[in-house]
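# Notes for the structure review
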Amino acid sequence: MPPPVSRFVLGMAAMLAASGAGAADKAAVTDATRDQYKTLCAECHGAERLGAIGPALLPGNLKRLRKKSAAKVIASGRPATQMPAFGDKLSKDDIAGLVSLIYTPLKTQPKWDMADITASHEVQVDPDTLPEQAVFDADLLNLFVVVETGDHHATILDGDTFEPIHRFQTRFALHGGPKFSPTGRYVYFASRDGWITKFDIYSLQVVAEIRAGINTRNLALSGDGKYVMVGNYLPHTLVVLDARDLKPVKLIPVADKKGNTSRVSAVYTAKPRNSFIAALKDIREIWELSYDPDADPVYEGFVHNYRKGQVEGIPTGKQPFAIRRIQVEDFFDDFFFDPAYAEVIGAARDDNNELKGQVYNLDARRKVADLDLPGMPHLGSGINWDYEGRMVMATPHLKGGVVSVIDMNTWETVKEIETLGPGFFMRSHEQSDYAWVDVFFGKNRDAMHVIDKRTLEIVKTVRPAPGKTAAHVEFTRDGRYALVSIWDMDGAIVVYDAKTLEEVKRIPMRKPSGKYNVHNKITLSRGTSH
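Anyway, here's the lowdown on the structure attached to this text. (Residues numbered from 1 in each chain as written. Predicted model: local features only at pLDDT ≥ 70, side-chain atom pairs only at ≥ 80, totals over all residues. Heavy atoms only, no water.)

## Remarks on the overall build of the protein chain
Secondary structure summary: the protein chain contains eight helices and 33 strands in total. Evaluated residue by residue, the protein chain yields a buried proportion of 59% over its 530 residues. Across the protein chain, the fraction of contacts at a sequence separation of at least 24, relative to all contacts at a separation of at least 6, is 53%. Approximately 21,800 Å² of the protein chain is accessible, and the part contributed by carbon and sulfur atoms is 49%. (Helix = DSSP H or I, 4+ residues; strand = E, 2+ residues; numbered from the N terminus. Buried < 20%, exposed > 50% of the residue type's maximum accessible area, 1.4 Å probe, protein only. Contact = heavy atoms within 4.5 Å. Areas by Shrake-Rupley, 256 points an atom, 1.4 Å probe, with all protein chains shown as cover.)

Encoded structure:
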């Protein structure tokens, strides 16, 4: 994790993550502004704003706070970090100029190549020296990893007693959800600034870290636990790491055959296929990359004969990690899999920047269905269950108060469930009759709907903290309890009985966002994201 001095930069990064109006939007970036950045900021954030011991200060990395809040943090500092106050050194115009500076895109795309990645690699604990037993007495598979975005920490929470076991500092702005090793012992984090961290839950310590990019979207862990794949917005790359100690294995430029490069929208693991699947934001392709060294070669162009041992064609690359391209009609922003991992259900963005649902078969490499999804579906939060003898999927929408329920055989809409507003997260569990969905945006952001999966009706709406955002449900491994986050600096994890839907306990936390149950993640529960 970051050394103590790097806390200086946590507030600086948080301050900048903004949109919104104010003086900073209009302030000019002058030579004096650049000199102030060099004097006050460059030591921790890098002369080119690419980050050093602190995060990169680039528009794509910093989206969490409004610009007026950024200005306030520069002036007053940030509590519980080493971010100092500069209000006694800088005028209001100076501060506005700094905010404008770091919201100015770079003129050229910065590089972060294999040499840079390798130089950032640090093994803090030799994996061979890790203990064989956990240092605590709790069920590993019923632990939760709770990400607290308020002060950039994570908590290991016991899912039986609902008591915290350990709390530790993380990198700034974790993103994309942590991923667990096949046994659940290790958890891997990705930050927006490209830092990848391996944490040993048994010994409650960081094993290794590496910076795989400048602006990272998320990471995926291979089904065999051997490789980590990192998808980057900046630069346009996929990075393969050895999961044992995060040693870099391969750097894969993301480009089509004409050389057009692309950001990576998301990368996930298709465990039954022994492969990673990557969606690309700027070119019309989905990539499948096998992590099996014995996988069949990937051929592009004309292949005369596919019979085993008689293939007549030119392979495009050696396994593992040869690129198998699937041409798509629109740009994929996010997706999830059917339970067999044969098809991807994606939120595709057309030339007019409108999102719609599409289904592609990974084996046939073609689209098999369009989905009637009216309001910018958040398919990365999609779940599925059995309803009246058929499998259905459900997704909230980022625009419009509706949850769409889709038949996964016909791909037709079964029902649109009206909600109090746009939602972001939806969760359930195999042992629960209910699916929970938040109302993440708007005046009803404090509401959480509970939907009966048997009737597709909302049976209860809870407001665990009126006026504060309620979001992201996760269940205990047995489905007996549902945990809800209150996204506030004085927030909490609120535990509900998943049958009676009554509150059981409240655990104070600092703006807890996602919480991730080890068992549900490693068993690929149909009620949660993977």
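## Here's the deal with the nonpolar core
The nonpolar side chains of soluble globular proteins are, as a tendency, buried together. In terms of nonpolar packing, the biggest core is built from 25 residues, with Tyr188, Ile196, Val228, Val230, Leu241 and Leu246 touching the most fellow members. Those elements that provide at least two residues to this core are β6 (186–190), β8 (205–211), β9 (215–221), β10 (227–234) and β11 (237–242). Discounting residues that sit within four places of it in the chain, Val228 has contacts with Tyr188, Leu219, Ala220, Leu221, Val239, Val240, Leu241, Ala243 and Leu246. Counting residues in hydrophobic clusters, the runner-up holds 19 residues, among them Leu140, Val147, Phe189 and Ile522. (Core = buried A, V, L, I, M, F, W, Y, C linked by side-chain atoms within 4.5 Å.)

## A short note on the packing of helix α3 (residues 31–40) against helix α6 (residues 92–102)
The description of two helices packed together rests on the angle between their axes and the distance between the axes. In the contact formed by α3 and α6, the axes pass within 9 Å of each other and the chain directions differ by 80°. Judged by the angle between their axes, α3 and α6 are roughly perpendicular. Between α3 and α6, the residues in contact are Thr33, Gln36 and Tyr37 and Asp94, Gly97, Leu98, Leu101 and Ile102, respectively. (Axes fitted to C-alpha atoms, helices over the stretch in contact; angles between N-to-C directions. Parallel < 35°, antiparallel > 145°, perpendicular 65-115°, else oblique.)

## A word on the pairing of strand β3 (residues 153–158)
With six of its six residues buried, β3 lies for the most part within the structure. Of the two faces of β3, both are covered, the one formed by His153, Thr155 and Leu157 as well as the one formed by Ala154, Ile156 and Asp158. Inspection of the sheet shows strand β2 (residues 143–148) paired to β3 by six bridges, in the antiparallel sense. Its bridge partner lying in β3, Phe144 is registered against Leu157. Connecting the antiparallel pair β2 and β3 is a turn made up of four residues, with His152 showing a positive phi of about 60°. Direction of pairing for β3 relative to strand β4 (residues 164–169): antiparallel, over a ladder of five bridges. (Pairing = 2+ DSSP bridges.)

## Regarding the sheet that holds strand β33 (residues 512–517)
Strand order across the open sheet formed by four strands is β4-β3-β2-β33, with antiparallel pairing between neighbours. For this open sheet the edge positions go to β4 and β33, each flanked by a neighbour on one side alone. In this sheet, adjacent strand axes meet at a mean angle of 20° when their direction is disregarded.

## A short note on the environment of Ile458
Its place among the elements puts Ile458 in strand β28 (residues 457–462). Remark: the alpha-carbon pair of Ile458 and Tyr434, spanning 24 residues in sequence, is separated by 9.3 Å.

## With respect to the packing of aromatic side chains
Across all of its chains, the model carries 17 aromatic pairs by this definition. For the ring pair Phe168 and Phe189, a centre distance of 6.1 Å and an interplane angle of 65° mean the geometry is edge-to-face. Of this pair, Phe168 sits in strand β4 while Phe189 sits in strand β6, and the two are 21 residues apart along the sequence. Judged on exposure class, the residue Phe168 and its partner Phe189 are both buried. (Phe/Tyr/Trp six-rings, centres within 6.5 Å; stacked < 30°, edge-to-face > 60°.)

## Here we look at the environment of Asp94
Considering the arrangement of structural elements, one finds Asp94 in helix α6. For Asp94, a relative accessible area of 22% translates into the label partly exposed. Taking the C-alpha atoms as reference points, Asp94 and Ala28, 66 residues apart in sequence, are found 9.5 Å from one another. Among the polar contacts listed, one links the side chain of Asp94 to the side chain of Gln36, at a separation of 3.3 Å. (Polar contact = N/O pair within 3.5 Å; in protein donor to acceptor, adjacent residues only side chain to side chain.)

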